[in-house]
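# Examination of the molecular architecture
Chain residues, written in single-letter form:
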Amino acid sequence: MTRHLSSLQFMNTFSTKLDKALNNLSLAQYPPDAIRTMRKFTSTEVAALLGVTEAYIRQVSLKGQGPEPETTATGKRLYSVEQVLELRMHLAEKARKKWINPRRVDGEDCQIIAITNFKGGSSKTATTIHLGHWLALRGYRVLAVDMDPQASLTSLQGALPGFDYREGDTLYSAIRFDDPVPTEKIVHKTHIIGFDVICAGLELTEFETAVTLEMRKSGGTGFLLRVSQALEQIVDRYDIVLLD
Ligand SMILES: Nc1ncnc2c1ncn2[C@@H]1O[C@H](COP(=O)(O)OP(=O)(O)OP(=O)(O)O)[C@@H](O)[C@H]1O
Ligand SMILES: [Mg+2]
């Protein structure tokens, strides 16, 4: 008995220490006040993103049209990610380059892409995030939905599952049966304009139990249908929705 208690005590002390160490590590890696920022883009990069020549970008800037980029001591022009989008829209409207704006027009549907593979650890999340960033930098309005309770996509965006969004600010809040919140409330902007995220958390595992109870009670709907109902509320704001 004594031996049993002492090993329990040892386990308790050990788990408290481990918990503390993990918390400290998280705080050091992701301080609560840390803000993710996107680096600036050179005119060569902007030209490649927009599909025009660098000379054309320089010409537009010299004429004082479009956004005013930062100029370095050596005369290099640097554009923020917001300015790249502003320049894209400016050229689409003012320079008769409609093709430069890839956003869908009335009558075109939002494209929903699910990144799936039965195999675990096969780059689904990595693909979702890279594809999302790539599309957003090319002018599409992208929403990435983290549907995995492990919340890898959420963490890659710099948020700690169960730490930053412990107030229930995740997909679960919009799909739960009791008092679901409007989906727009759980959409998070990121450091890349045009790339928004709906986060996940461990509470998504609760949904499996909740859905069985609800189905027995009133024929409630399953996970995927709840998610699609939640997404329907906001889908008209996006060109592409990525599901991880
Ligand atoms: N192209 C790549 N090059 C190097 N490492 C990669 C690449 N793609 C993914 N990884 C790494 O492989 C691991 C698994 O990737 P990822 O989390 O994207 O897989 P997943 O399919 O989403 O996994 P899960 O099934 O757990 O959701 C991660 O540590 C990720 O950083
Ligand atoms: Mg994953």
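Reference entry: report on the structure contained in this document. Residue numbers restart at each chain and count upward from 1, following the sequence in its written direction. Lettering of chains starts at A and numbering of ligands starts at 1, both following the order in which they are written. Note on the predicted model: pLDDT of at least 70 is required for a residue's local features to be given, and 80 or more for side-chain atom pairs to be given and counted; whole-chain, interface and lining totals, by contrast, use all residues. Working from all heavy atoms in the structure, the side-chain values ignore hydrogens and water.

### What to know about the site of ligand 1
Put simply, the test is: Any residue with a heavy atom lying within 4 Å of a molecule or strand is counted as near it. Any N or O atom pair separated by 3.5 Å or less is treated as a polar contact, with the protein-specific requirement of one donor-capable and one acceptor-capable atom, and with residues adjacent in sequence counted only for side-chain atom pairs. Using a 1.4 Å probe, accessible areas were evaluated by the Shrake-Rupley method; residue-level cover was limited to the displayed protein chains.
Taken together, Gly 120, Gly 121, Ser 122, Ser 123, Lys 124, Thr 125, Ala 126, Asp 148 and Gln 150 make up the full set of residues adjacent to ligand 1. In the environment of ligand 1, an oxygen atom lies 2.8 Å from a nitrogen or oxygen atom belonging to the backbone of Ala 126. The protein chains hide 45% of the 630 Å² of surface that ligand 1 would expose on its own.

### Re helix 4 (residues 81–94)
This is how it is decided: Here a strand is any run of E in DSSP of at least two residues, a helix any run of H or I of at least four, and the numbering for each starts at the N terminus. A helix is expected to span 1.5 Å for every residue after the first. Residue burial is assigned from relative accessible area. The probe radius is 1.4 Å, only protein chains are included, and a residue is buried under 20% of its type maximum, exposed over 50%, and partly exposed in between. Whether two residues touch is decided by their heavy atoms; if any such pair falls within 4.5 Å, the residues are in contact.
Taking 1.5 Å as the rise per residue, helix 4 with 14 residues should run 20 Å; its terminal C-alpha atoms sit 20 Å apart, in good agreement. With respect to burial, helix 4 is a largely interior element, 10 of its 14 residues being buried. Residues of helix 4 that are buried sit in contact with strand 1 (41–42), helix 2 (43–50), helix 3 (54–62), strand 3 (77–79) and helix 5 (124–137). Remark: Arg 96 follows helix 4 within two positions and exhibits a positive phi of approximately 50°.

### With respect to the pattern of salt bridges
We apply this condition: What counts as a salt bridge is simple: a side-chain nitrogen of Lys or Arg found within 4 Å of a carboxyl oxygen of Asp or Glu.
With the rule as written, the count across this model stands at six salt bridges. Linking Arg 237 and Glu 184 is a salt bridge whose minimum nitrogen-to-oxygen distance equals 3.1 Å. Of the two residues, Arg 237 is situated in the loop between helix 9 (223–232) and strand 8 (240–243) and Glu 184 in the loop between helix 7 (171–175) and strand 6 (187–189); the sequence distance between them amounts to 53 residues. Across the salt bridge formed by Asp 196 and Lys 189, the nearest N and O atoms sit 2.9 Å from each other. Several salt bridges share partner residues, and in doing so they unite Arg 104, Arg 141 and Asp 239 into one network.

### Overview of the sheet that holds strand 6
Selection rule: At least two DSSP bridges between two strands are needed for those strands to be called paired. Fitted lines through C-alpha atoms serve as axes, helices being fitted only where they are in contact, and the angles separating the N-to-C directions of these axes extend from 0 to 180 degrees.
Here five strands make up an open sheet; going across it, the order is 4-8-5-7-6 and the pairing mixed. The strands lining the two open edges of the sheet, one partner per strand, are strand 4 (111–114) and strand 6. The sheet shows a mean angle of 25° between the axes of neighbouring strands, direction not considered. Note that strand 5 (residues 142–145) and strand 8 share four bridges and pair parallel. By the bridge assignment, Ala 144 is partnered in strand 8 with Leu 242.

### Remarks on the nonpolar core
Applied cut-off: In plain words, nonpolar cores are sets of buried Ala, Val, Leu, Ile, Met, Phe, Trp, Tyr and Cys residues tied together by side-chain atoms within 4.5 Å. Where each domain begins and ends follows an automated or database-derived domain assignment.
Of all hydrophobic cores here, the largest spans 29 residues; its most connected members are Phe 41, Val 46, Leu 50, Ile 57, Val 84, Leu 87 and Phe 195. Only helix 2, helix 3, helix 4, helix 5, strand 5, strand 7 (195–198) and strand 8 provide two or more residues apiece to this core. It is helix 4 that contributes the most residues to this core, five residues altogether. Residue-level mapping places this core at the junction of two domains, with at least three residues from each of domain 1 (41–99) and domain 2 (111–243). Apart from residues no more than four positions distant in its own chain, Leu 87 is found in contact with Val 46, Leu 50, Ile 57, Val 60, Pro 67 and Tyr 79. Met 147, Ile 186, Leu 231 and Leu 243 belong to the second-largest nonpolar core, a separate cluster that totals 23 residues.

### Overview of empty space enclosed by the protein
Going by this rule: Both site types are read off a 1 Å grid over the protein atoms alone. A 1.4 Å probe that fits but cannot get out defines a cavity, while an open set with protein on both sides within 12 Å along at least five of seven lines defines a pocket; lining residues have an atom within 4 Å of a point. Grid points are joined across faces, edges and corners, and a volume is the space filled by probe spheres set on the points.
Throughout the structure, instances matching the rule amount to one cavity of 30 Å³ or more. Space inside the largest cavity adds up to approximately 80 Å³. Forming the boundary of the largest cavity are Val 81, Val 84, Leu 85, Arg 88, Arg 103, Ala 136, Leu 137, Gly 139, Tyr 140, Arg 141, Ile 193 and Gly 194. When residues of the lining of the largest cavity are traced back to their parent elements, those giving at least two are helix 4 and helix 5. Broken down by element, the residue count for the lining of the largest cavity peaks at four residues, all from helix 4.

### Side note on the side chain of Thr 154
Relative to the assigned elements, Thr 154 resides in helix 6 (residues 152–156). For Thr 154, the side chain forms a polar contact with the side chain of Asp 146, separated by 2.7 Å.

### Comments concerning the layout of surface pockets
How we decide: Amino acids outside the nonpolar list (Ala, Val, Leu, Ile, Met, Phe, Trp, Tyr, Cys, Pro) and the charged list (Asp, Glu, Lys, Arg) are all regarded as polar, and Gly is one of them.
By volume, the second largest pocket is sized at about 360 Å³. Looking at the lining of the second largest pocket, its residues break down into six nonpolar, eight polar and three charged.

Honestly, that's just the spatial picture; any functional story needs more than this.
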